[in-house]
Amino acid sequence: MVLAGAVGGVGVGLGVRTLLDDGGPTPIAAASGSSAATRTLTAHDCPEGEQLGTLRSGDRVFVTARSAEVDGWLRVRDPLDSSVAWWVDATGVTPDTEVADLPEVDCDSPLLALVADAGAVEEEAALEETPEDDVPEEDVPEDEVTEEDAAAASTTSSTTSTSTTTTTRPTTTTTRPTTTTTTQPTTTTTTAPPDTSGPTVSLTRSAATIDEVADGLNCPNPSTSTVTVSASDPSGVTSVVMGWSGAASGSATFATSGSRTFGPFAYTAGAPQGGSATINVSVTATDQAGNQTIRGTSITVRSADLCFQ
């Protein structure tokens, strides 16, 4: 069988054999031709169905049946797997012999295995073509039925009526509940005790006694004294206030630390003539919680007249 001009112009040999060949499985010679380009024919799972493959010019296949559903379609065997049926458009092939005598089958009709003799091949075609209801039964006259035949029929009837009962035991599946225990995380909260302590304060002075300054006098004590303060607290220091009174008065505010120098004093400016005076210094430090610490110190200011004594 060859591809017809409807597929690609000039036909090129596509070898085919049918199941009704008298010569058995020997391939039938195909017509041949030539073309500048290779022609192809699409193979489907059913007439006008899904594409399964492609036949090319020069391929030879076996035709097994015609379509009973769509005119003009032939069932062929896959060239690479004879157990697989392909459907092709009959207009695309040229048969080596007449295919009109092939049986008409549906797309889902089974494809029997290839056999070696033509009689078996024709039997396959007959099986595909002849409905079960059309198989003739052999007529047997009633008067020719022997006692042996009746006994055999009775035995067959008894055997046929035997039935097998299969009992299926129910299967019970028990599923045990699964208990999941969830442990909540433990949170430990530590509460700090209330802050009731004031800042730590360091208060120093460079000299406890200072002398007034007078021309020509060489007094034994220094003429100045510096008071230094420093405060600290875990919660933080908000302020440090230094105040003084007596021979001198005033105040100063520091963040956490600071200092103040007292003197020199001129003759009779720091102490009464021939006497002495006192400068009282007080420091107050406050922390973030409002707690306070108070420290104090003093400085004695002597009159220059006492340098002669």
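Reading guide: rules and limits
- Residues numbered from 1 in each chain as written.
- Predicted model: local features only at pLDDT ≥ 70, side-chain atom pairs only at ≥ 80, totals over all residues.
- Heavy atoms only, no water.
- Disulfide = S-S within 2.5 Å.
- Helix = DSSP H or I, 4+ residues; strand = E, 2+ residues; numbered from the N terminus.
- Buried < 20%, exposed > 50% of the residue type's maximum accessible area, 1.4 Å probe, protein only.
- Pairing = 2+ DSSP bridges.

## Details of the state of the cysteines
One pass over the full model with this rule turns up two disulfides. The residue that forms a disulfide with cysteine 46 is cysteine 107, at a sulfur-sulfur distance of 1.5 Å. Measuring handedness by torsion sign, the sulfur bridge of cysteine 46 and cysteine 107 sits at about -75° and is left-handed. Residue cysteine 46 is located in the loop between strand S2 (40–44) and strand S3 (51–56), and its partner cysteine 107 is located in the loop between strand S7 (104–105) and helix H2 (118–129); the two are separated by 61 residues in the primary sequence. Residue pairing for cysteine 219: its cysteine sulfur links by disulfide to cysteine 307, the two sulfurs lying 1.8 Å apart. The disulfide joining cysteine 219 to cysteine 307 has a torsion of about 100° about its S-S bond and is therefore right-handed. One end of the pair, cysteine 219, is in the loop between strand S9 (209–211) and strand S10 (225–232); the other, cysteine 307, is in the segment after strand S15 (292–302), with 88 residues separating them in the sequence. Exposure class is identical for cysteine 219 and cysteine 307. Each is buried.

## Focus on the pairing of S15
Where S9 lies against S15, three bridges are found, and the strand directions are parallel. Opposite isoleucine 210, over in S15, you have valine 301 as the bridge partner. Note: strand S14 (residues 276–287) against S15, eleven bridges, orientation antiparallel. Among the inter-strand pairings, serine 276 is bridged to a residue of S15, identified as arginine 302. Counted along the chain from S14 to the antiparallel partner S15, the turn is four residues long, and its residue glycine 290 has a positive phi close to 90°.

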